[in-house]
Every structure is written in structure tokens, then in C-alpha cells.
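Survey of secondary and tertiary structure
Residue strings, one per chain:
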Amino acid sequence: MRWQTTRFDVDLTRPQVMGIVNVTPDSFSDGGRHVDTRGALRHCEQLIKDGADILDIGGESTRPGSPAVPLEQELARVVPLVAEAVRLGVPVSVDTYKPEVMQAVLDLGADIVNDIWALRQPGAAGIVAAHPRCGVCLMHMHRDPQTMQATPMEEDVVPSVLYFLERSAQELQALGVEKARIVLDYGIGFGKTVEQNFALLARQPELLALGYPLLAGWSRKSSIGSVTGLPVHERMAPSVAAAVLAVERGARVVRVHDVRDTVAALAVWSAMRQQDTGAAISP
């Protein structure tokens, strides 16, 4: 299984670790740490040294209740960094829902559009469809970042998430986007309760039955804080555990803050899996 992107065909037979690069002052976990291009680029380089397979750059916080960022401000945050990051030798994803930002970063050579709105903003799907190769991640979100946790979804969310993701992917393919370019994200923390988030993790095989690779973004989320009682900056260990559980249940990409520790944990998981299947362990 491969994920076709602008410059890379990403091999998903091995789980891919996507390192988070927030160029924002107010992201829930690392807001304000990498707001200037030079510091953010150093962070990108460190994530690659730590083992990141993909970089995911974002210029607008999507934590619950966060305000929207004006277009020009997001462009000013993201474009200079993407222009440098595409030289680092790994796929570059940009976390945005604005079609103007998508176009700008794709023009610079970005590889993946990672959209919490699943290309529902006017013009967004057309930008991706017009590009010959870029990868895309379509995420499920209930309502919007300002209201999603004020009135989360009710009861069993898996059928609704399944329907939404399948329809979104099919609509994009109808515009001419090859299936190999599409990855799905069930949207942990985006309008779901703690119980619903863990139900989605437990029932990932049902989502995989749609026939698309899954991306899981559990890193430092509030659901992890709810079950552990830990503040956001002490959630590394349980975040790593959630990433491994997601991979064990079939996720092909995990989006994380703590790259080095996640890579190490997945190495242990891989060694165990190879023993289970009788394959030799690579050095």
C-alpha cells in the first residue's frame, strides 16, 4: 500500500510517523514555541533526526474554541517555512482548510493537504483535484472548532463517521483524484466525547473496511488527559501508547508531537509483529 503525494510515493507497509510543526501562538500543546521561521525550521530538522517520516506544518490552531486566523496571517506563518521545509528530503504536509493556502503551498512543492474540513470549504476540492499528484488527508469533524466540543456528537458515532468519510472520498474521486492519493482521519477530539473517541479507536477495522489508509491523531489530546489525569505537557507516554494501539488496529500514519519516543515504541511493536509472522528482524 502506497500513498501518492506530490514528490513521494509513501510506502505504507511500514507505519509512518508524521511530526507536528505548529507555527502558531495558541496551539493547545506547543503554541508559541515555533512561531518564527528559523525556529520552526530547526524544529523540522530535529523531528527528521528523531525519525519523522513526514512533516505536518500548520499555521492555525484548531483546538476547541480557537478563533479562525485571517488568510494573510496564515500565509505569512506557513509559506516561508514550507519554502524551506520542502528541501529537507521528506514529504511535507500542510494542515489547512483554506484553498488559498493550499494553492500557495502546493505551488511551493508541498506534498500533502491535511484538511480538518475534508475539503468542504468552497474551492478547496477544486484545488486538490486540479493538482496532478498531491496527497490529501480527509478528516471527520463535527460542527467547527469554535463549537465542536460545546455540543459533541451523540450515541454511536462510528456509522456517521463511516458515512461521512466514505462520501467525502467518493466525491473527491468523482473530481478525478486517484484513490491512491487519499488517506482518511476519523478526527479524534473534533466533536466527540472521550468514550466516542475510544470507540473509534477500538473499531478502526470498520473504518479500514472502506479501503483507504487511516491516519490517527491522538497525540496529547484531551481524551488522553481525561483518562490519565495528566496535563498536556505530561502526556507523552500515554500518547505513544495510543499511537501504538492505533497502528496495532491498522492505522498507517500516526500524527504526533513526540516523534523520537513514538518511533522507538513502534520499533518494539514491529519487532514483536515480525516474531508473530515469523519474519526476520531487520537490524
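Residues numbered from 1 in each chain as written. Predicted model: local features only at pLDDT ≥ 70, side-chain atom pairs only at ≥ 80, totals over all residues. Heavy atoms only, no water.

We now examine the pattern of salt bridges. Counted by the stated rule, this structure contains 11 salt bridges. The salt bridge involving Lys 98 is made with Glu 74; its shortest N-O contact spans 2.6 Å. One end of the pair, Lys 98, is in the loop between strand 5 (92-95) and helix 3 (99-107); the other, Glu 74, is in helix 2 (residues 71-85), with 24 residues separating them in the sequence. One exposure class covers both Lys 98 and Glu 74, and it is buried. With a closest N to O distance of 2.7 Å, Glu 206 and Arg 203 form a salt bridge. (Salt bridge = Lys/Arg side-chain N within 4 Å of Asp/Glu carboxyl O. Helix = DSSP H or I, 4+ residues; strand = E, 2+ residues; numbered from the N terminus. Buried < 20%, exposed > 50% of the residue type's maximum accessible area, 1.4 Å probe, protein only.)

Here we come to the packing of helix 1 (residues 37-50) against helix 2. Helix 2 packs onto helix 1 with a crossing angle of 40° between their chain directions and a minimal axis gap of 10 Å. On the basis of their axis angle, the class for helix 1 and helix 2 is oblique. The way helix 1 lies across helix 2 gives a crossing that is right-handed. Residues Thr 37, Ala 40, Leu 41 and Cys 44 of helix 1 form the contact with helix 2, whose participating residues are Pro 80, Leu 81, Glu 84 and Ala 85. Across the contact of helix 1 with helix 2, the residue classes tally to six nonpolar, one polar and one charged. (Axes fitted to C-alpha atoms, helices over the stretch in contact; angles between N-to-C directions. Parallel < 35°, antiparallel > 145°, perpendicular 65-115°, else oblique. Left-handed = near helix turned anticlockwise from the far one by under 90°. Contact = heavy atoms within 4.5 Å. Nonpolar A, V, L, I, M, F, W, Y, C, P; charged D, E, K, R; others polar.)

Moving on: the side chain of Gln 196. If you trace the backbone, Gln 196 turns up in helix 6 (residues 194-202). Under the relative-accessibility criterion, Gln 196 is labelled buried at 6%. Once you skip the residues sitting within four places of it in the chain, Gln 196 turns out to touch Met 153, Glu 154, Glu 155, Val 157 and Gly 191.

For the rest of this paragraph, the subject is the environment of Cys 134. Looking at where Cys 134 falls in the secondary structure, it is placed in the loop between helix 4 (124-130) and strand 7 (135-139). Distance from Cys 134 to Asp 95, taken between C-alpha atoms, is 13 Å for residues 39 residues apart in sequence. Apart from residues no more than four positions distant in its own chain, Cys 134 is found in contact with Gln 4, Thr 5, Thr 6, Leu 106, Asp 111, Val 128 and Arg 181.

Attention now goes to the packing of aromatic side chains. To describe a pair of aromatic rings, one takes the distance between the centres and the angle between the planes. In this structure the tally under the stated criterion is two aromatic pairs. Ring geometry for Phe 198 versus Trp 218: centroids 4.8 Å apart, planes at 45°, classification tilted. Residue Phe 198 is found in helix 6, and its partner Trp 218 is found in the loop between strand 9 (214-216) and helix 8 (222-228); the two are separated by 20 residues along the sequence. We classify Phe 198 as partly exposed; its relative accessible area is 30%. (Phe/Tyr/Trp six-rings, centres within 6.5 Å; stacked < 30°, edge-to-face > 60°.)

Under the criterion given, the structure shown has zero disulfides. No disulfide involves Cys 134; its nearest neighbouring cysteine sulfur is the one of Cys 137, lying 12 Å away. (Disulfide = S-S within 2.5 Å.)

The next subject is helix 10 (residues 259-277). For helix 10, spanning 19 residues, the distance from its first C-alpha to its last is 26 Å, which sits close to the expected 27 Å at 1.5 Å a residue. Among the residues of helix 10, Val 259, Thr 262, Ala 265, Leu 266, Trp 269 and Gln 274 are the ones counted as buried. Contact partners of the buried residues in helix 10: strand 3 (16-22), helix 1, helix 9 (236-248) and strand 10 (253-256). (Expected span 1.5 Å × (residues − 1).)

This part is about the sheet that holds strand 9. Overall, parallel pairing links the eight strands, which are arranged 3-4-5-6-7-8-9-10 in a closed barrel. Between one strand axis and the next, the sheet turns through 25° on average, direction left out of account. Here strand 7 pairs with strand 8 (residues 182-185) via four bridges, running parallel. Looking at strand 8, one finds that Val 136 is bridged to Ile 182. Against the sheet, helix 10 engages strand 3 and strand 10, with an angle of about 170° to strand 3. (Pairing = 2+ DSSP bridges.)

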